Amino acid sequence: MAQTRGKRTRTASRRVEGWIKPVEPEFETIQILRDDGSYDEASLPDLTDDQMKELYEWMVFARILDQRALNMQRQGRMGTYPPVGGQEAAQVGSAYALEKEDWLFPSYRESAAMMVHGMPPELTFLYWMGREEGAAAPEGVNVFTISIPIATQVPHAVGAAWAARLRGEKKAFLVYFGDGGTSEGDFHEGANFAGVFKAPVVLFCQNNHYAISVPLERQTASRTIAQKAVAYGFPGVRVDGNDVLAVYAVTREAVERARRGEGPTLIEAVTYRYGPHTTADDPTRYRTADEVKEWQERRDPIMRFRRFLESRGLWSEAQEEELQERLRERAAEVVRKAENYPKPEPTNMFDYMYAELPWNLKEQREALLQELAERGEAR
Amino acid sequence: MARRTLIQAINEALRQEMRRDDRIVLLGEDVGRVGGVFRATEGLQQEFGPDRVIDTPLAESAIIGAALGMAVYGLIPVPEIQFDGFLPPAFDHIISHVARIRNRSRGRFTAPMVIRVPHGGGIRALEHHSEAPETFYTHIPGIKVVIPATAYDAKGLLISAIRDPDPVIFFEPKRIYRAFREEVPEEPYTVPLGKARVAREGNDVTLIAWGAMVHVALAAAEKAAAEHGWSCEVLDLRTLSPLDIDAIIASVQKTGRCVVVHEAPRQSGFGGEIAALIGERALLYLEAPVVRVTGFDTAMPYFTLEDYYLPSPERVLKGIAQVMNF
Ligand SMILES: Cc1ncc(C[n+]2csc(CCOP(=O)(O)OP(=O)(O)O)c2C)c(N)n1
């Protein structure tokens, strides 16, 4: 029999093919503010005028800080920095949907989201200046540490969310990652756990179309990232990541679902990064200036939202000027605080390795102190 | 001869080997279109096309797992892992399969591949971008571990690694990717795996190092001679597994003293293995215990403190003084 295995003899009456059909789930991209700034009154989220203006301020502040960071990097006052520019709506809109007691798990690009959820921006600056002191949020700010290894934060957030559920708390956990992140096992394993254990987690993918130089088509053969949720048994949704109101509305619903015990949601926010991947990257090698221009000129999240505010009589040129001036001053203050932070103690590297230092670390710490003394660097 | 940086030598080795043998394929994150984040594979996709220089999805485990499949199926994959700190997701495939497939299949399947990984600190990088994980890999039977310290060796060792029938992890000291230029022959040549190099001859102390630390050891040897009149021999191991035991023992028999330098943490670091071997095989030649000058047993600190962490020529000199004054 072995010789005939795999070979099919066709008989007219037999159905030999047609069992396998391509599956193409459809995921529309949710928008509230259309590219041209128009919208339907009925789809606006339940936000007061002041809250709308607050969303706008956060986005503008994020962009100003981003510019400061990039300038500082160029001047050698900061290390490698991954800019947020272009992704302000995706980050601000999503983080704004959290309550203070909810938790946010960032990757390295979420400077804006972290700030909205209470992370003092001077600490984030300090982090990018190569200082451990900037890694941890102050007590009471529910922001986890930045995860550099791609997608590792996904299972962490799922575990924390699951723990909260086991402890009978009603909190939501929002975890960020990029389109590239969805290629890692940790994304898939984390999503699967989230589904199985109904973890109160929101998996938030900022699809900015590139993982460093690698375009989205090289990350996945599926048409959307949102559809990956289907396989894990929970809802996925695709949203215009440059529409701050849509991002807010969708995330808010996902957060409330999580809090009600209805389990995880995957959100794909379609957006674009204007700048390099990090300051060490040269994006002109893998994308065209026209492509960047298209996003900057036609889909800029801040411009779109400003037009919306103006159309509702909530914003004026004078307010814009006042805001820019005020936020520039605040940004300068952020930089001052970060740069005037007390100098790091070299022995800091030992102090948080264990609750109690083992002998070898104690010895090495002593040796370092002695070396510093010999070099006249004793403090 | 042409004057080349270490990374240019790597690029040239890859290019020349790919021209010689069309079974060789490169794969990894950002290796194709932009030629790698350090540009080690620059221009290679243009020359060999996207089926031989492959930008993969972002997944180290699948990069190495798929490379294993390619290798057993007749290709010679040269996967790149973008940074030392992102090898861990691939560890399972390396330890469970890449290193064992020859043995498990009783020689039917083999995994000739070279896993290229930028190595070490000193470039003011982010967390997880400055690790020195070689010891984890020297501990795995079935793979070879190579790390050049010069442009000449980078080219010759990489070509040897690609031609080797067994899997090799090829660490590239990123701190010296562009630190100097040296004469490198334009034609392909090999530097044998498993052979150390005497980077400086001396009689009083043997300094053993690899990768970027070879240059720190050389600077320390210079200082030791100038400030104390001590004569240091510097041994650049080049291959950590299999180790050139003969070169180590011969040098220690000559000098009677040994200082091992590595940037990885001290505990269970590769320096411990070297000290044990010397103790087992050359104890009676020793004038002093083997001293290790290493990174601390801490996480690699963020870059503002990395210079306090990494062994410096001054620290190595202290180690030399310890064995000289024992
Ligand atoms: C496990 C791991 N592999 C590789 C890297 C190097 N790396 C840093 S960012 C990046 C691309 C990430 O792209 P994406 O997930 O789309 O997020 P984005 O940077 O676009 O926000 C890569 C490959 C890493 N940090 N972690």
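Rules used throughout
- Residues numbered from 1 in each chain as written.
- Chains lettered and ligands numbered in written order.
- Predicted model: local features only at pLDDT ≥ 70, side-chain atom pairs only at ≥ 80, totals over all residues.
- Heavy atoms only, no water.
- 1 Å grid on protein atoms, 1.4 Å probe; cavity = no way out; pocket = protein on both sides within 12 Å on 5 of 7 lines; lining within 4 Å.
- Points joined across faces, edges and corners; volume = space filled by probe spheres on them.
- Helix = DSSP H or I, 4+ residues; strand = E, 2+ residues; numbered from the N terminus.
- Pairing = 2+ DSSP bridges.
- Contact = heavy atoms within 4.5 Å.
- Axes fitted to C-alpha atoms, helices over the stretch in contact; angles between N-to-C directions.
- Domains from an automatic or database assignment.
- Buried area = accessible area lost by both parts, 1.4 Å probe.
- Salt bridge = Lys/Arg side-chain N within 4 Å of Asp/Glu carboxyl O.
- Polar contact = N/O pair within 3.5 Å; in protein donor to acceptor, adjacent residues only side chain to side chain.
- Phe/Tyr/Trp six-rings, centres within 6.5 Å; stacked < 30°, edge-to-face > 60°.
- Buried < 20%, exposed > 50% of the residue type's maximum accessible area, 1.4 Å probe, protein only.

Asks: Explain empty space enclosed by the protein to me, using residue names and the numbers behind them.
Replies: Residues and elements named next belong to chain A. Inspection of the entire model under this criterion finds three cavities of 30 Å³ or more. Around the largest cavity sit 13 residues that line it, and Leu 65, Tyr 81, Ser 111, Ala 112 and Phe 125 are the ones nearest its centre. Counting residues per element, the ones that place at least two in the lining of the largest cavity are helix H1 (49-74), helix H3 (111-116) and helix H4 (121-128). The greatest single-element share of the lining of the largest cavity, amounting to four residues, is contributed by H4.

Asks: Please give an account of the sheet that holds strand S8 (residues 265-270) of chain A that cites residues and values.
Replies: Sheet strands associate in pairs through backbone hydrogen bonding, adopting either a parallel or an antiparallel arrangement. All names here are of chain A. The strand order across the open sheet built from six strands is S1-S7-S8-S4-S3-S2, with neighbouring strands paired in parallel fashion. Of all the strands in the sheet, just strand S1 (29-30) and strand S2 (103-105) have a single pairing partner and so form its edges. In the sheet, S1 pairs with strand S7 (residues 236-240) via two bridges, with the strands oriented parallel. Within S7, the residue paired with Thr 29 across the bridge is Arg 238. Across the sheet, helix H5 (residues 153-166) lies against S2, strand S3 (173-178) and strand S4 (201-207), angled at about 170° from S3, the strand it touches most. The sheet strands contacting helix H8 (residues 244-259) are S1, S3, S4, S7 and S8, and the helix crosses S7 at an angle near 155°.

Asks: Can you tell me about the domain arrangement of chain B, naming the residues and giving the values?
Replies: Where interface size is quoted, it is often the accessible area lost as the parts come together. All names here are of chain B. Under the domain assignment, chain B is made up of domain 1 (2-184) and domain 2 (197-324). One C-alpha centre belongs to domain 1, the other to domain 2, and the line joining them spans 26 Å. Taken together, the contacts link 28 residues of domain 1 with 25 residues of domain 2. For the pair domain 1 and domain 2, the summed buried area comes to about 2,100 Å², and 59% of that belongs to carbon and sulfur atoms. Summed over the three residues of domain 1 that lose the most area to domain 2, namely Arg 124, Ile 147 and Arg 175, the buried surface amounts to 22% of that side. For the interface between domain 1 and domain 2, the tally reads two salt bridges. Linking domain 1 with domain 2 are 12 residue pairs in polar contact (both at pLDDT 80 or more), by the criterion used here.

Asks: Please set out the packing of aromatic side chains residue by residue, giving values where relevant.
Replies: All names here are of chain A. Counting across every chain of the model gives 28 aromatic pairs over all chains. When the ring of Phe 105 is compared with that of Phe 144, the centres are 4.6 Å apart and the planes differ by 25°; the resulting orientation is stacked. Note that Phe 105 is positioned in strand S2 and Phe 144 in the loop between H4 and H5, a separation of 39 residues in sequence. The exposure class of Phe 105 is buried, given its relative accessible area of 3%. Owing to a relative accessible area of 33%, Phe 144 belongs among the partly exposed residues under this scheme. Judged by centre distance (5.5 Å) and plane angle (15°), the rings of Phe 305 and Phe 308 are stacked.

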